[in-house]
Amino acid sequence: HRVQEVILLPGAVSDQQLSDYIAMGKRRVLDITLVTDHAGPVFQQATVSDLSGRPVIKYNRDTRYAFDRFVKRLIDIVVGGAFVVVSSVFYVIYSLWAMSRGAKPFTYSDRLGLEGVTFALPTAGDGRSDGPSDLVNLPLFWLVFIGKMSIVGPYPMAPEDFPQSAPGARFRLEMKPGVTGFWRVGSRRESTAAELLVQDASYIRNWNLTQDAKLFL
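Residues numbered from 1 in each chain as written. Predicted model: local features only at pLDDT ≥ 70, side-chain atom pairs only at ≥ 80, totals over all residues. Heavy atoms only, no water.

Considerations on the overall build of the chain
Across its full length, the chain carries seven helices and eight strands. By the burial criterion, 42% of the 217 residues in the chain qualify as buried. For the chain, the proportion of contacts with a sequence separation of at least 24, taken over those separated by at least 6, is 64%. Looking at the chain as shown, the accessible area adds up to about 12200 Å², and 58% of this sits on carbon and sulfur atoms. (Helix = DSSP H or I, 4+ residues; strand = E, 2+ residues; numbered from the N terminus. Buried < 20%, exposed > 50% of the residue type's maximum accessible area, 1.4 Å probe, protein only. Contact = heavy atoms within 4.5 Å. Areas by Shrake-Rupley, 256 points an atom, 1.4 Å probe, with all protein chains shown as cover.)

Some words on the confidence of the model for the chain
Mean pLDDT for the chain: 75, with 60% of residues reaching 70 or above. The least confident element of the chain, judged by mean pLDDT, is strand β3 (residues 46–51) at 55; the most confident is strand β7 (residues 150–152) at 94. Long-range and interchain partners of residues 128–134, a stretch whose pLDDT sits below 50, account for 13 contacts in this model, where long-range means more than four residues apart. (pLDDT = per-residue confidence, 0-100.)

A look at the pattern of salt bridges
Pairs may arise between side chains of opposite charge once their charged atoms sit close together. Here the structure, examined in full by the defined rule, presents one salt bridge. The partner of Lys-72 in a salt bridge is Asp-212, with the nearest N and O atoms 2.6 Å apart. Placement of the pair is Lys-72 in helix α2 (residues 63–100) and Asp-212 in helix α7 (residues 209–216), with a sequence separation of 140 residues. In this structure Lys-72 comes out as buried when scored by relative accessible area, which is 8%. (Salt bridge = Lys/Arg side-chain N within 4 Å of Asp/Glu carboxyl O.)

Let's talk about the environment of Ser-87
Tracing the chain through its elements places Ser-87 in helix α2. We classify Ser-87 as buried; its relative accessible area is 3%. Distance in space between the C-alpha atoms of Ser-87 and Phe-141 is 9.5 Å, their sequence separation being 54 residues. Side-chain polar atoms of Ser-87 contact the backbone oxygen of Phe-83, separated by 2.5 Å. (Polar contact = N/O pair within 3.5 Å; in protein donor to acceptor, adjacent residues only side chain to side chain.)

Considering helix α6 (residues 193–205)
In an α-helix, one turn spans 3.6 residues, which is why side chains three or four residues apart end up on the same side. Its 13 residues give α6 an end-to-end C-alpha distance of 18 Å, which sits within 8% of 18 Å, the value for a rise of 1.5 Å per residue. Turning to α6, its buried residues number three or more, namely Leu-196, Leu-197, Asp-200, Ala-201, Tyr-203 and Ile-204. The buried residues of α6 occupy an angular sector of 160° when projected down its axis, which confines them to one face. (Expected span 1.5 Å × (residues − 1). Arc of directions from axis to C-beta.)

Here it is, written out as structure tokens:
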């Protein structure tokens, strides 16, 4: 059965944790109900009622968010599929070129996907022979098409680099990693794994289609 509502009792969470839970409920289309000893913070899309003299704050699910996520997936299928079709001839040419040199066309490494499920991320070249730079990202669009990645999203992090206790860690696994995102626009090489997580958590909390369009274009 699908969870429809989460109820938090007095003192269960801090104001910051409450904000995080509301953001998570929005992404999972859940109602978040807080039974509290005081009015506390009241965020958008909230209703306040009374339970035996105690304020009950209910943060209603955002169904529009679910529709936007559907649109995001639809865009991934269309754009990812288009890149796969257009680039298929380049895959064949590059694979033949690499094998003629005795090299593997692609190498694979594990990356964390949605809900922490790992997937194999291909990279052009095998260490002995790097692939053409223009081809490095093309295999990723197949992963976008089949739903392992998204056009825009958090940095595709390796499991061994994932700092479990860092701020924003749990939010990083709430969305699929992207071919591009804030991590590509910014200075990724100068960022630590923890800093990337904070950046990704901010992206996920404030996600919308307009933001994705700006990052992609």
